[in-house]
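# Understanding the architecture of this molecule
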Amino acid sequence: MNPHVFPIPTDLASKAHVDARGYEEMYRRSIDDPEGFWREQAQILDWSRPFTQVKNTRYSPEDVTIEWFADGRLNASYNCLDRHAAQKGSEPAILWAGDTPGDQRRVTWSDLRQEVSRLANTLTKLGVKKGDFVSVYLPVIPEAIAAMLACARIGAVHSVVFSGFSAEALAGRIKDCRSRVLITADEGLRAGKYVPLKKNADAALESLPFVEHVLVVRRTSRDVPMNPERDLWYDGALAQAPADCPPVEVGAEDPLFVLYTSGSTGKPKGMLHTTGGYLVHAAASFRAMFDYHPGDIHFCTADVGWVTAHTYLIYGPLANGATVVLFEGVPTWPDASRWWQIIEAYRVNIFYTAPTAIRSLMREGEAPVRKHDLSSLRVLGSVGEPINPEAWLWYHEVVGGGRCPITDTYWQTETGAVLLCPLPGAMALKPGSAAKPFFGVRPALLNSDGSAVEGEGAGNLCFADSWPGQARTILGDRERFLKTYFSTFPGYYFTGDGARRDADGYYWITGRLDDVINVSGHRLGTVEIEAALASHSSVAEAAVVGFPHEIKGQGIFAFVTLKEGITESDELRRELLQLVRTRIGPIAMPDRIEWAPQLPKNRSGKILRRILTRIAAGDFESHGDTSTVADLSVVEDIVRRFQKQN
Ligand code: ATP
Ligand code: MG
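Residues numbered from 1 in each chain as written. Chains lettered and ligands numbered in written order. Predicted model: local features only at pLDDT ≥ 70, side-chain atom pairs only at ≥ 80, totals over all residues. Heavy atoms only, no water.

### Structural notes on the overall build of the protein chain
The condition is simple: Helix and strand assignments come from DSSP, with helices taken as H or I runs of at least 4 residues and strands as E runs of at least 2, each series counted from the N terminus. It is over C-alpha atoms that the radius of gyration is taken, and the globule rule equals 2.2 Å times the number of residues to the power 0.38. Under the scheme applied here, a residue whose accessible area is under 20% of the maximum for its type counts as buried, over 50% as exposed, and between as partly exposed, the area being computed with a 1.4 Å probe on protein chains only. Whether two residues are in contact is decided by their heavy atoms: any pair within 4.5 Å suffices. His is not counted, nor are the chain ends, whereas Lys and Arg count as positive and Asp and Glu as negative. We put the charge of a Lys on NZ, of an Arg on CZ, of an Asp on CG and of a Glu on CD.
In terms of helices and strands, the protein chain carries 20 helices and 30 strands. A compact globule built from 646 residues would reach a C-alpha radius of gyration of about 26 Å, and the protein chain, at 24 Å, matches this within 12%. Overall, the protein chain is about 70 × 55 × 55 Å in size when its C-alpha atoms are taken along their principal axes. In the protein chain, buried positions account for 61% of the 646 residues. Long-range pairs, those at least 24 residues apart, make up 72% of the contacts in the protein chain between residues at least 6 apart in sequence. The distance from the centre of the 69 positive side-chain charges to the centre of the 78 negative ones in the protein chain is 1 Å.

Structure (structure tokens):
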């Protein structure tokens, strides 16, 4: 595919923190002198005790060490709150939009500091000490942010569990870190439906007698059972707690949080992140990748249960003193204009979302977007999956009015913050490419034998050196950490993703290496074939997997979801085959195309190819780890269609 190149907007570049020349210079310096570079970047934070050591990292087979700013001391909640509250206490830190249109709250920096302090004091009273874990199972409400910052304030480690997860998934995650305190709500509210959080929590805790206290936020104020020996109302407890709580100084390498990966490729991994390096990377990258300027309103649509929200809805923006929009609901309820209405109402400048959402909104057409004034937008972002060029172009044109650069940010729960992305004032954009490495980041494309691909070419995406936001371990499983990320290619961090580098040095994610299809000895990534299918005007979304094939070893199986109102036909099948043939070549033509009314996704909206792979192989019974599947009926639906045909 030969994509368009979108030049850097000149007006934006002239005011940007980093322009094209600036990027080249800073990137070079960050590689030549990482210590000097990161020492300077770390000044974005206030350190209660300045560090003298910057970087102590090694990826050698006998010793993997990851330490940043190790002798520095600081407090994350101080950096995200107090220093801003002191200067602009009455300005909003959080603009909250509830699930029901019109339901809204404005939380100032002073309000937030006070709430965090009261909660921190409450936790202390409940016996939580520095280093203890606290589990958080809350909807997207300001209390979720308060809970995280309150833990940080007293040096406790939060573990946020996405509120869409079941009792079982919650129990597993509480057990993993053995928190004695859980913060939850009576209920959640999503798309007008009640989510029984307290009920789920009660069920989860049946098998976890070590949980001593449950703090319950009143969200819907409907009746929920309370266990007087264990459960406490959040508002009641906070009302009795002092409004002042001095932040506890912690070491840069003390843990800040644990968070689980999305579970796209298997059982989720609990990644442990520490304080200093994570916060430096989150704050510095937030400022650069969205070209954040004081006064900007930032809207990140991720749920607080995902790393995207940890880094670019909460820690990164708040460390910079940014005002964030926090939205509880879904983009399509009550109708498909909900996000656009919020952007107009709050005059949002920076908007960050995921390709899956863009694709589902594209299905609804342009009208819901066009009826709102989105002229306040300046920079757009994408994260979570490769964005297919079709969706990129729609996002750019229809949402961004052709004027806003899109930063396609490649990173992982494991990486803590961004590794590859275009900086809006510094790089021309190619739809579907995550462009270039962030400062200090050293990507390498490796062949299976470990040799490096130089210049143009494709390979296993690895990183040759550490970066400050990197996870330090998998909680309770250092062996799995070393094995997953450092054993495949000794001396490198291995992402599990494939990528291609083009002649301009731009990176293109080709798909997860678990999903690579080997057709007659040719290794094909899923992303390019899916993007070709999705470029057809009748196609909403496509997922491609391999299946056993007598002659080719593996054949290509495409599951295709059509747009609203399009009829399935053999003619359309032929058109799609032809399209892949002309866009990529005969080698990439699917052997089978089946229509799927919907694709199976995990709770963060990512396509679960591992489940489709089993179905394509004729295994309709075992779906593997399904704890993160958003809607199992989608899988059953596909299986039913199949069984009818075969
Ligand atoms: P699990 O690790 O449990 O299988 P997951 O990999 O989906 O789940 P996350 O940490 O949420 O968990 O996602 C990181 C992955 O998402 C990356 O490894 C990559 O495959 C994909 N990804 C994220 N951002 C981008 C992007 N901008 N372009 C392409 N792929 C992306
Ligand atoms: Mg992963």
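Let's pick the thread back up.
### A short note on the nonpolar core
Cut-off, in case you're wondering: The definition of a nonpolar core used throughout is a set of buried Ala, Val, Leu, Ile, Met, Phe, Trp, Tyr and Cys residues joined through side-chain atoms within 4.5 Å.
Counting residues in each nonpolar core, the largest one holds 144 residues, and the members touching the most others are F69, L119, L123, Y315 and L423. With 9 residues, the single largest contributor to this core is helix α6 (residues 142-153). Those residues in contact with F69 that sit more than four places away from it in its chain are W38, A42, W47, F51, Q53, V54, A252, G276, G277, V280 and P468.

### Notes on the site of ligand 1
Quick note on the threshold: What makes a residue near a molecule or strand is one non-hydrogen atom of that residue sitting within 4 Å of it. Counting of polar contacts relies on pairs of N or O atoms within 3.5 Å, with two restrictions inside protein: one atom must be capable of donating a hydrogen and the other of accepting it, and residues adjacent in sequence are counted only when both atoms are side-chain atoms. Here the Shrake-Rupley method, with its probe set to 1.4 Å, supplies the accessible areas, and only the displayed protein chains count as covering residues. Each residue receives one of three labels: charged for Asp, Glu, Lys and Arg, nonpolar for Ala, Val, Leu, Ile, Met, Phe, Trp, Tyr, Cys and Pro, and polar for the others, Gly being one of them.
Neighbouring ligand 1 are 20 residues; S262, S264, T265, T413 and D497 lie closest to it. In the environment of ligand 1, an oxygen atom lies 3.2 Å from a nitrogen or oxygen atom belonging to the side chain of K269. Measuring from a nitrogen atom of ligand 1, one finds a backbone N or O atom of G384 at 3.1 Å. Protein contacts shield 95% of the accessible area of ligand 1, which totals 630 Å² for the unbound molecule. Of the residues contributing to the shell around ligand 1, the split by class is 4 nonpolar, 9 polar and 7 charged.

### Overview of the pairing of strand β1 (residues 55-60)
Stated formally: Two strands form a pair only when DSSP identifies at least two bridges running between them.
Across the two faces of β1 the burial differs, with K55, T57 and Y59 buried and N56, R58 and S60 not buried at all. Here β1 runs beside strand β2 (residues 63-68); their pairing, made up of 6 bridges, is antiparallel. By the bridge assignment for β2, Y59 is matched with V64. Where β1 hands over to β2, the hairpin turn is made up of 2 residues, counted between the paired strands.

### Looking at the sheet that holds strand β22 (residues 457-463)
Rules: The convention used is that axes are lines fitted to C-alpha atoms, helices contributing only their stretch in contact, and that angles between N-to-C directions extend from 0 to 180 degrees.
Reading across from one edge, β21-β22-β24-β25 is the order of the 4 strands in this open sheet, with antiparallel pairing throughout. In this open sheet, the two edge strands, each paired with only one partner strand, are β21 (443-446) and β25 (507-512). Neighbour-to-neighbour, the strand axes of this sheet turn through a mean angle of 45°, independent of strand direction. Relative to β25, strand β24 (residues 493-501) runs antiparallel, the two being bridged by 5 bridges. Across the sheet, R500 pairs through a bridge with W508, a residue of β25.

### Focus: the packing of helix α4 (residues 76-88) against α6
Put simply, the test is: The cut-offs work like this: below 35 degrees is roughly parallel, past 145 is roughly antiparallel, 65 to 115 is roughly perpendicular, and the gaps in between are oblique. Take the far helix as the reference: if the near one is turned anticlockwise from it by less than a right angle, the crossing is left-handed, and if turned clockwise, right-handed.
Axis separation between α4 and α6 bottoms out at 7 Å; the angle between their running directions is 120°. By the angle between their axes, α4 is oblique relative to α6. Like other packed secondary-structure pairs, α4 and α6 cross with a definite hand, here left-handed. In this structure, α4 contributes A76, S77, Y78, C80, L81 and D82 to the contact, and α6 contributes L149, A152 and R153. Across the contact of α4 with α6, the residue classes break down as 6 nonpolar, 1 polar and 2 charged.

### A few points about the pairing of strand β7 (residues 157-160)
The following threshold applies: We call a crossover right-handed when, viewed with the strands running away from us, the connection from the first strand over the helix to the second turns clockwise.
Both faces of β7 are covered, namely the face carrying V157 and S159 and the face carrying H158 and V160. One ladder, built from 4 bridges, connects strand β6 (residues 133-137) with β7; its direction is parallel. Bridging from a neighbouring strand, V136 pairs with V160 of β7. A crossover links β6 with its parallel partner β7, the connecting element being α6, and its sense is right-handed. Where β7 meets strand β14 (residues 255-260), 2 bridges bridge the pair, whose relative direction is parallel.

### Remarks on the state of the cysteines
Put simply, the rule is: Our working definition of a disulfide is a cysteine sulfur pair at a distance within 2.5 Å.
As enumerated under the stated definition, the model contains 0 disulfides in all. With no disulfide partner, C177 has as its closest neighbouring cysteine sulfur the one in C151, 10 Å distant. Residue classification places C177 among the buried residues on the basis of a relative accessible area of 7%. With no disulfide of its own, C421 lies closest to C300 among cysteine sulfurs, the gap being 14 Å.

### Thoughts on the confidence of the model for the protein chain
Note the following rule: As a per-residue quantity, pLDDT reports the predictor's confidence and falls between 0 and 100.
Residues with a pLDDT of 70 or more make up 99% of the protein chain, whose mean pLDDT is 96. Scored as a complex, the prediction yields pTM 0.96 and ipTM 0.99.

### Observations regarding the environment of A152
Looking at where A152 falls in the secondary structure, it is placed in helix α6. A relative accessible area of 5% means that A152 is categorised as buried. The spacing of A152 and P92 is 60 residues in sequence and 21 Å in space, taken between C-alpha atoms. If sequence neighbours within four positions are ignored, A152 has contacts with N75, A76, S77, L256 and Y315.

### Considerations on the side chain of D231
If you trace the backbone, D231 turns up in strand β12 (residues 231-233). Accessibility expressed as a relative area gives 8% for D231, which makes it buried. A polar side-chain atom of D231 sits 2.7 Å from a polar atom in the side chain of K198. Excluding its chain neighbours within four sequence positions, the residues that come into contact with D231 are K198, D202, V214, P225 and M226.

### So, unusual backbone geometry
Look at the link from W333 to P334: it is a cis peptide, with omega at -5°. Tracing the backbone shows P334 in the loop between β17 (323-327) and α12 (338-346). For R178, which is not glycine, the phi torsion reads 50° and is therefore positive. A relative accessible area of 54% places R178 in the exposed class. Positive phi, normally seen in glycine, also occurs at S221, with a value near 60°. By the element assignment, S221 lies in the loop between β11 (213-217) and β12.

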